[in-house]
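Secondary and tertiary structure notes
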Amino acid sequence: MGPKLSVWMVLAMAAVVCAAAGADSIESPPYTVVHAESDFEIRLYRPSTWITTPVEDISFSKATQIGFHKLFQYIQGANLNNSRVEMTTPVLTGIVPSAGPFCSTAFRFFVPHEFKDSPPLPLLDSDLTVENWDEKCVAVRAFSGFAKDTNVAQEAAQLEASLQNSKWANITDSEPKDGEDAYTIAQYSSPFKILGRVNEVWVSFPSSEGCFISILQ
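Before going into details, it helps to say that this report is about the structure given with it. Given the structure is predicted, the values throughout are model-derived calculations rather than measurements.

Some details on the pattern of salt bridges
- Inspection of every chain in the model, using the stated rule, returns 7 salt bridges.
- Its salt-bridge partner being Arg 43, residue Glu 41 comes within 2.6 Å of it at the nearest N-O pair. Each member of the pair, Glu 41 together with Arg 43, is buried.
- Its salt-bridge partner being Glu 200, residue Arg 43 comes within 2.7 Å of it at the nearest N-O pair. Of this pair, Arg 43 sits in strand E2 (residues 41-45) while Glu 200 sits in strand E9 (residues 199-204); the two residues are 157 residues apart in sequence, bridging distant segments of the chain.

Quick word on the state of the cysteines
- Counted by the stated rule, this structure contains 1 disulfide.
- Covalent S-S linkage joins Cys 137 and Cys 211, the inter-sulfur distance amounting to 2.1 Å. Here the S-S torsion is close to 105 degrees, and the disulfide linking Cys 137 with Cys 211 is therefore right-handed. Pair noted here: Cys 137 is in strand E7 (residues 136-143) and Cys 211 is in the loop between E9 and helix H4 (213-216), with a separation of 74 residues, a long-range link.

Description of unusual backbone geometry
- The linkage connecting Thr 89 with the following residue, Pro 90, adopts the cis geometry, with an omega of 0 degrees.
- In this fold, Pro 90 is placed in the loop between helix H2 (60-75) and strand E4 (91-97).
- At Asn 82, a residue that is not glycine, the phi angle is positive and equals roughly 55 degrees.
- By the secondary structure assignment, Asn 82 is in the loop between H2 and E4.
- In this structure, Asp 127 takes a positive phi of about 65 degrees despite not being glycine.
- You can see Asp 127 is positioned in the loop between strand E5 (102-110) and strand E6 (129-133).
- Of the residues examined, Asp 127 reaches a relative accessible area of 43% and is grouped as partly exposed.

Some points on the packing of aromatic side chains
- By the definition in use, this model includes 6 aromatic pairs.
- Between Tyr 45 and Trp 202, the aromatic rings sit 5.0 Å apart at their centres with planes inclined by 35 degrees, giving tilted as the arrangement. Placement of the pair is Tyr 45 in strand E2 and Trp 202 in strand E9, with a sequence separation of 157 residues.
- You can call Tyr 45 buried: its relative accessible area is 2%.
- Residue placement shows Lys 136 over the ring face of Trp 133; its charged tip is 4.5 Å from the ring centre.

Parameters at a glance
- Residues numbered from 1 in each chain as written.
- Predicted model: local features only at pLDDT ≥ 70, side-chain atom pairs only at ≥ 80, totals over all residues.
- Heavy atoms only, no water.
- Salt bridge = Lys/Arg side-chain N within 4 Å of Asp/Glu carboxyl O.
- Buried < 20%, exposed > 50% of the residue type's maximum accessible area, 1.4 Å probe, protein only.
- Helix = DSSP H or I, 4+ residues; strand = E, 2+ residues; numbered from the N terminus.
- Disulfide = S-S within 2.5 Å.
- Phe/Tyr/Trp six-rings, centres within 6.5 Å; stacked < 30°, edge-to-face > 60°.
- Lys NZ or Arg CZ within 6 Å of the ring centre and 35° of its normal.

Structural data, given as structure tokens:
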């Protein structure tokens with residue numbers, strides 16, 4: 001099936017996400033808040049495992065839809081192990097600015113603890129890969145509503161402005177290398193949820209040592 005989703009596929013995807021969102025035990029990658037301000041916080045994420053797929057499109061919303069479709073099939077059992085995987089949050093869309101104005105480089109799904117050491121292997125023709133993250137330091141800004149083409153860049157700019165006025169300014173000055181995400185959009189809510197939606201924009205530091213700049217200075 002191509003990027004265009006049938007009505008039944010959209011409903012099935014929404015049902016899985018809604019069920020997960022309603023569960024008390026929905027799993028997210030563990031982290032420690034190192035520093036918090038009114039408009040951002042610095043988190044140290046523990047090592048984690050993700051399933052990732054490359055997605056390139058000038059529309060953030062369309063890239064997110066395409067990426068989620070690929071990963072939805074994987075968690076529903078379209079993998080070499082025929083294993084169903086519980087929905088987790090957040091789902092991540094990595095962004096590299098382009099003339100579009102977006103070029104989404106990767107869509108990621110957090111692998112729950114049950115499969116952390118041996119995640120189900122993606123089908124050979126699925127364009128999915130297993131990605132292992134070391135400890136990661138991330139600056140985070142939360143925002144509500146729907147994450148879409150008209151607001152994600154502004155939210156990223158506001159996070160960058162906050163960081164430039166903080167002790168972490170020098171760490172985020174450098175431009176990302178070719179192919180690296182400039183920022184990431186993390187989405188936690190079901191597509192059918194209207195009120196109380198939770199989204200975040202993430203900017204990763206070059207190393208986890210960035211989390212401890214307040215101690216080093």
